[in-house]
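Residues per chain are reported as follows:
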Amino acid sequence: MSPIKILFISIEGNTRSFVKKLADYAAGMHDQDSQNPVVQLKEISEQTDFADETDPYFAFVPTYLDGGNGIDNGVKELMTNALGEYIGYEKNASLCHGIVGSGNKNFNEQHCLTAKRYASEFNVPFLADYELRGTGRDVERIYDLLKQS
């Protein structure tokens, strides 16, 4: 079975921590049954050179906002733009099979706003969300979802 490829950006380490737990969980599931796919990670940052993706992938993006509430008075996204630009490069968006978002649920309507905006902009599904570094249950839930997508 082909690996589940994940492109992600991590500013404060929460997303990196979560996707590493997801990759470790996938490796354990693969060890139990080789039909379970492993997870392959690719971190995108301001220093990442644009490249043409050749395999389907999922994007994991946190939300960091600076100004506006994202609902009725605009939004100024902060720090995650490199991932959006990478997905938008050449034909990369056509290989994106979905977006998973994270953030602080205390932000109410702004929770996962960036991920939802990316899903809309690139016309791909917003698949799931988790809070901050996620829980073990989130890891299992999202792995199962990505296997099916």
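See the structure above.
My aim in this report is to walk through the structure given alongside it, one point at a time.

About the criteria used
Residues numbered from 1 in each chain as written. Predicted model: local features only at pLDDT ≥ 70, side-chain atom pairs only at ≥ 80, totals over all residues. Heavy atoms only, no water. Helix = DSSP H or I, 4+ residues; strand = E, 2+ residues; numbered from the N terminus. Buried < 20%, exposed > 50% of the residue type's maximum accessible area, 1.4 Å probe, protein only. Polar contact = N/O pair within 3.5 Å; in protein donor to acceptor, adjacent residues only side chain to side chain. Contact = heavy atoms within 4.5 Å. Salt bridge = Lys/Arg side-chain N within 4 Å of Asp/Glu carboxyl O. Phe/Tyr/Trp six-rings, centres within 6.5 Å; stacked < 30°, edge-to-face > 60°. 1 Å grid on protein atoms, 1.4 Å probe; cavity = no way out; pocket = protein on both sides within 12 Å on 5 of 7 lines; lining within 4 Å. Points joined across faces, edges and corners; volume = space filled by probe spheres on them. Nonpolar A, V, L, I, M, F, W, Y, C, P; charged D, E, K, R; others polar. Pairing = 2+ DSSP bridges. Axes fitted to C-alpha atoms, helices over the stretch in contact; angles between N-to-C directions.

### Notes on the side chain of Asn92
Then step 1. Mapping Asn92 onto the fold places it in the loop between helix H2 (81-88) and strand S4 (96-103).
Then step 2. On the accessibility criterion, Asn92 (1% relative accessible area) is buried.
Then step 3. In terms of polar contacts, Asn92 uses its side chain to reach the backbone carbonyl oxygen of Tyr86, at 3.0 Å.
Then step 4. Among residues more than four places away in sequence, those in contact with Asn92 are Ala51, Asp52, Glu53, Tyr57, Tyr86 and Ile87.

### Some remarks on H2
Then step 1. Ala82, Leu83, Gly84, Tyr86 and Ile87 are the residues of H2 that are buried.
Then step 2. Against strand S1 (4-8), strand S2 (39-43), strand S3 (57-62) and helix H3 (113-122) lie the buried residues of H2.

### Description of the pattern of salt bridges
Then step 1. Overall, the coordinates contain four salt bridges when judged by the stated rule.
Then step 2. In this structure, the salt-bridge partner of Arg16 is Glu43, at a minimum N-O distance of 2.7 Å. One end of the pair, Arg16, is in helix H1 (residues 14-32); the other, Glu43, is in strand S2, and 27 residues separate them in sequence.
Then step 3. In the salt-bridge network here, residues are joined through shared partners; they are Lys5, Lys42 and Glu53.

### Structural notes on the packing of aromatic side chains
Then step 1. Going through the model one piece at a time under the given rule, you end up with six aromatic pairs.
Then step 2. Considering the side-chain rings of Phe18 and Tyr130, the 3.8 Å spacing of their centres and the 15° angle between planes classify their relative orientation as stacked. Within this pair, whereas Phe18 is found in helix H1, its partner Tyr130 is found in strand S5 (residues 126-131), the two being separated by 112 residues in sequence.
Then step 3. Taking the centre distance of 6.2 Å and the plane angle of 65° together, the rings of Phe50 and Tyr86 count as edge-to-face. Taken together, the residues span a long stretch of sequence, with Phe50 in the loop between S2 and S3 and Tyr86 in helix H2 at a distance of 36 residues.

### Quick notes on the layout of surface pockets
To find leftover empty space, one rolls a probe the size of a water molecule over the atoms.
Then step 1. Estimated volume of the largest pocket: approximately 250 Å³.
Then step 2. Residue lining of the largest pocket: 14 residues in total, with Ser2, Pro3, Ile4, Lys5 and Phe58 positioned closest to the centre.
Then step 3. Split by residue class, the lining of the largest pocket holds seven nonpolar, four polar and three charged.

### Quick word on the sheet that holds S1
Then step 1. Judged by pairing direction, the sheet is parallel, and its five strands sit side by side in the order S2-S1-S3-S4-S5 without closing on themselves. Both outer strands of the open sheet, S2 and S5, are each paired with one neighbouring strand and no more. Strand-to-strand twist in this sheet, taken as the mean axis angle between neighbours without regard to direction, amounts to 25°.
Then step 2. Direction of pairing for S1 relative to S2: parallel, over a ladder of five bridges. Looking across to S2, one finds that Lys5 is bridged to Gln40.
Then step 3. Across the sheet, H3 lies against S3, S4 and S5, angled at about 165° from S4, the strand it touches most.
Then step 4. Across the sheet, helix H4 (residues 136-148) touches S1, S2, S3, S4 and S5, and the angle it forms with S5 is around 170°.

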